[in-house]
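# Summary of structural features
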Amino acid sequence: DELLVSPRASIGLVPEFDDNMTLRFATGIYYQAPFYREFRDTVNVGGIGTVRLNDNIKSPRSLHLVLGCDYKFRMLGRPFKFTAEAYYKKMDNIIPYNVDNVRVVYYGENCAKGYAAGIDFKLFGEFVPGTDSWITFSVMETKEKINGGEWLPRPTDQTFNASIYFTDYFPGTD
C-alpha cells in the first residue's frame, strides 16, 4: 500500500577546453520493493522458530549521488575510454539480514539505516580491434546501523575490487 515515486536527474558537461572529456553528475531517489522473504520475521524461543509476516514493512529507500568523469583517447592506434566515478548512497528503511553459509535470514522489519560510498576506475577499450575489453579497480565501504546501534559493515561489504574482462580472437578463426 505504498505510492513510490523515484525522481532522478543527471547532467553531463563537455568542457570547452577538451571535447574528449565529459564531466557528469547524477542523483536520484530509489525504492526497492521488498520480497516475500523480507516480510518474514522469525523468532526463536526455546529453540523453536516461529515465523510471522510483518505487513508493516516499507520499501527500503536510498538517495544516490554520483560524480564522474570520462576521458576518451587513442592508444596503440585504438580507441580507449577512462572513467572515474565517486559515489555516495544514503539508505534508510533497510531490512537487515544475516548470511549463514548459503542461508540468508532477514530481520523482518525496517530497523536499519546505512550508506555505501566509494570510487570506481575503469579503462575500457579495444585492445583487440572490434572487441570490447576493460579493467576496473574500486574502493568501497558499506555500513549499516541496526536499531540505533553502532555502525557495522553490511554483509556484502568489500573494500577493494579489481576485475578484468578481456576479449580476443583465436588465431585462424573468422
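Here, the structure is the one placed above.
The sections below set out a description of the structure shown in this document. (Residues numbered from 1 in each chain as written. Predicted model: local features only at pLDDT ≥ 70, side-chain atom pairs only at ≥ 80, totals over all residues. Heavy atoms only, no water.)

## As for the overall build of the chain
We count it as follows: A run of DSSP states H or I qualifies as a helix once it reaches four residues; a run of E qualifies as a strand once it reaches two. Both are numbered from the N-terminal end. Partly exposed residues are those whose accessible area sits between 20% and 50% of the maximum for their type, while under 20% is buried and over 50% is exposed, using a 1.4 Å probe and protein chains only. Contacts are assigned to residue pairs with any non-hydrogen atoms lying within 4.5 Å of each other. As used throughout, the charge tally considers Lys and Arg to be positive and Asp and Glu to be negative, leaving His and the chain termini uncounted. Charged groups are reduced to one reference atom each: NZ for lysine, CZ for arginine, CG for aspartic acid, CD for glutamic acid.
Across its full length, the chain carries 1 helix and 12 strands. Reading the chain from its N terminus to its C terminus gives the helix and strand order β-β-α-β-β-β-β-β-β-β-β-β-β. By residue count, 23% of the 174 residues in the chain fall in the buried class. In the chain, the share of contacts with a sequence separation of at least 24, taken over all contacts with a separation of at least 6, comes to 57%. Put simply, the chain has 19 plus and 22 minus side-chain charges, and the middle of one group is 4 Å from the middle of the other.

## Section: unusual backbone geometry
Apart from glycine, the bulk of residues carry a negative phi angle, and the bulk of peptide bonds sit in the trans form. Phi angles above zero are rare outside glycine, and Asn93 is one such case at about 60°. Position of Asn93 relative to the elements: it lies in strand β6 (residues 78–94). By relative accessible area, Asn93 is classed as partly exposed at 24%.

## Concerning the packing of aromatic side chains
To keep things clear, this is the line we draw: Note on ring pairs: Phe, Tyr and Trp rings are taken, using the six-membered ring of Trp, and paired if centres are within 6.5 Å. Classes follow the plane angle, with under 30 degrees stacked, over 60 edge-to-face and the rest tilted. As a reminder, the over-ring test applies to NZ of lysine and CZ of arginine, requiring each to be within 6 Å of the ring centre and within 35 degrees of the ring normal.
Counted by the stated rule, this structure contains 9 aromatic pairs. Between Tyr97 and Tyr106 the ring centres are 5.6 Å apart and the planes differ by 50°, which places this aromatic pair in the tilted class. Residue Tyr97 is classed as buried on the basis of its relative accessible area of 16%. The interplanar angle of 25° and the centroid separation of 6.2 Å between the aromatic rings of Phe137 and Phe160 together place this pair among those described as stacked. Taken together, the residues Phe137 in strand β10 (residues 133–146) and Phe160 in strand β12 (residues 160–165) connect sequence positions 23 residues apart. Grouping aromatic residues by their ring pairs yields a cluster made of Tyr71, Phe73 and Phe80. The ring of Trp134 carries Lys122 above its face, with NZ or CZ at 4.5 Å from the centroid.

## Structural notes on the pairing of strand β5 (residues 61–75)
Our working rule: For two strands to pair, DSSP has to find at least two bridges joining them.
Sheet topology note: the strand β2 (residues 21–31)/β5 ladder contains 11 bridges and is antiparallel. Across the sheet, the residue bridging to Thr27 is Leu65, located in β5. The hairpin turn running from β5 into β6, its antiparallel successor, is 2 residues long, and Leu76 in that turn takes a positive phi close to 55°.

## Here's the deal with the environment of Ala86
Structurally, Ala86 can be placed in strand β6. For the pair Ala86 and Val139, spaced 53 residues apart in sequence, the C-alpha to C-alpha distance is 9.7 Å. When near neighbours in sequence (up to four residues on either side) are disregarded, Ala86 contacts Leu65, Val66, Leu67, Gly118 and Ile119.

## Looking at the pattern of salt bridges
Put simply, the rule reads: The rule for a salt bridge is simple: a side-chain nitrogen of Lys or Arg has to be within 4 Å of a carboxyl oxygen of Asp or Glu.
The full count for this structure, using the stated rule, is 4 salt bridges. Notably, a salt bridge pairs Asp70 with Arg24, separated by 2.9 Å at the nearest N-O pair. Here Arg24 lies in strand β2 and Asp70 lies in strand β5, a separation of 46 residues in the sequence. A single network of salt bridges, built from pairs that share partners, joins Arg24, Asp70 and Glu85.

## Considerations on a nonpolar patch on the surface
Condition: Residues form patches when they are more than 30% accessible in relative terms and have no salt bridge. Like charges link within 9 Å. Nonpolar side chains (Val, Leu, Ile, Met, Phe, Trp, Tyr) link within 5 Å. Using the Shrake-Rupley algorithm and a 1.4 Å probe, accessible areas are obtained, with residue cover drawn only from the displayed protein chains.
Residues Ile11, Leu13, Leu23, Phe25, Leu63, Leu65, Leu67 and Tyr88 make up a contiguous nonpolar surface patch of about 690 Å² in total accessible area. Elements represented by at least two residues in the nonpolar patch include exactly β1 (8–13), β2 and β5. When residues of the nonpolar patch are assigned to their parent elements, the largest contribution, 3 residues, is made by β5.

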